[in-house]
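Summary of the model geometry
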Amino acid sequence: MAAVGTDSTSGYDRTEGIKEFDQSKYGVKGLIDSGIESIPRIFVQPPETLATLKPCQSQTNATDIPVIDLQNINSEPHRPKIVEQIKKAANEWGFFQVINHGIPGTVLEETIQAVKSFHEQPAESKAKYYSREEMKGMLYASNNDLYRSKAATWHDYLQVWTAPEEQRAKAEDIPEIVRKESVEWDVCAKKVAEDVMELLCEGIGLESSKFKDLSLSGSRMFVGAYYPYCPQPDLTLGLASHTDPVVITVLLQNQVAGLQVKHGQDWVDVKPLPGALTINIADLMQIISNGEYISVQHRVRANSCKEPRISVVEFLNIGKWQDCDYGPLPELVSPEKPPRYRRFTKDEFFHNFYSKGLDSKSFIDKLKL
């Protein structure tokens, strides 16, 4: 919470700025609709972040981002090759795109349009869903970590818990404009994630069903993010640099660019591919795999286009937390490959996430041996 306070050198009260923005319940979309030509100060990033927004001298070409074709994953001659491609991408990039994943194009388009339509409703229509109760079944807000971060970022989001059963949003609580699409997307994204997790298991010598048997997709959240035009995109971000704290993430995006991945010392632009999905190895997968797969630092640049950037994210996490500790799978630990991370509890995991703003691998760093 130290990020919220008064700048004694200028008299600027960030706390009041945040409260005023939050209590309006209008989000950044509301700021743009009001006709602003400069961003409020709460969105201006610190100097060390602004320095990274300048064009890099050595940009890795976007085609270097792995793209993996899943069309023949159930064909014996092709599956081993796909397993190797997935293993290499998850180990070297922690991030890749998949095509021919089995979700119809109409579902992709309808899901993106539903999220867009929700965010483009009149502010008064959305305000009744605005909340800071992060474990609530369904909510709409701007900046999940608004009160915990050093600076706000230029996006709004819709969040719907889809699993487990006791946490799932009731159908009547989900706005009708996105109800059918969010439920259908959960089914589709879960299927793709579990297909990929089978391949990841095989890549490190595990039974293909191991991750599913451990309920690594049992907790799921649908997030529909909206990145409107930003009048000063060189002063802020659409989403701060971070790694995902869960097991694995499935991302669908429209054709407005902005997503960047840290690879080596460079921020690499991810060019949206029509019909593709982006798969993200997250922090818990890195720990469970004993570092065989890596989570990846990524961010979203503030949108300089008049057309909004839309992203639909499915976060998958451990569904049945037990009253025990977690860590690298015993099958992946040996005298030759000792554990890289200590074991942890459910309480440690959740405390780490909710005690700070978005960040990169802070939990992994705490567990390193």
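A brief look at the structure comes next. (Residues numbered from 1 in each chain as written. Predicted model: local features only at pLDDT ≥ 70, side-chain atom pairs only at ≥ 80, totals over all residues. Heavy atoms only, no water.)

1. What to know about the sheet that holds strand β10 (residues 259-263)
Under the convention used in this document: Strands were regarded as paired on the criterion that DSSP finds at least two bridges between them. The helix count covers DSSP runs of H or I at least four residues long, the strand count covers runs of E at least two residues long, and both are numbered beginning at the N terminus. Angles run from 0 to 180 degrees between N-to-C directions of axes, and those axes are lines fitted to C-alpha atoms, restricted for helices to the stretch in contact.
In spatial order, the strands read β8-β13-β10-β11; together these four strands make up an open sheet with antiparallel pairing. Unpaired on one side and paired on the other, β8 (237-242) and β11 (266-269) mark the two borders of the sheet. When the angles between neighbouring strand axes are averaged without regard to direction, this sheet yields 30 degrees. Bridge count between β10 and β11: four bridges; the pairing is antiparallel. Within β11, the position partnered with K262 by the bridge is W267.

2. Re the packing of helix α5 (residues 105-119) against helix α7 (residues 176-203)
As a reminder of what qualifies: Should an angle fall under 35 degrees it is called roughly parallel, over 145 degrees roughly antiparallel, and 65 to 115 degrees roughly perpendicular, with every other angle called oblique. Handedness of a crossing follows from how the near helix is turned relative to the far one, being left-handed for an anticlockwise turn of less than a right angle and right-handed for a clockwise one. Throughout, a contact is declared for two residues whenever any of their heavy atoms are within 4.5 Å. Each residue is assigned to one of three groups, with Ala, Val, Leu, Ile, Met, Phe, Trp, Tyr, Cys and Pro labelled nonpolar, Asp, Glu, Lys and Arg labelled charged, and all others, Gly among them, labelled polar.
Here α5 crosses α7 at 140 degrees, and the two axes come no closer than 9 Å. It follows that α5 is oblique to α7 by the angle criterion. Handedness of the crossing formed by α5 with α7: left-handed. Where α5 approaches α7, its residues V107, L108, E110, T111, A114, V115, S117 and F118 are matched on the opposing element by I177, V178, K180, E181, E184, W185 and C188. Here the residues of the contact of α5 with α7 are counted per class, giving nine nonpolar, two polar and four charged.

3. Let's talk about the sheet that holds strand β6 (residues 156-163)
Read from one edge to the other, the open sheet built from eight strands follows the order β3-β4-β12-β9-β14-β7-β6-β5, with strand pairing classed as mixed. Whereas interior strands pair on both sides, the edge strands pair on one side only; in this sheet they are β3 (67-69) and β5 (138-141). Going across the sheet, the axis of each strand differs from the next one's by a mean of 20 degrees, ignoring polarity. Examined bridge by bridge, β6 and strand β7 (residues 219-227) share seven bridges and lie antiparallel to one another. Bridging from a neighbouring strand, Y157 pairs with A225 of β7. Seen against the sheet, helix α4 (residues 79-92) touches β3, β4 (95-99) and β12 (277-281) and runs at an angle of roughly 160 degrees to β3. Each of β5, β6, β7, β9 (248-253), β12 and β14 (309-317) is contacted by α5, which is oriented at about 65 degrees to β7, the strand it contacts most.

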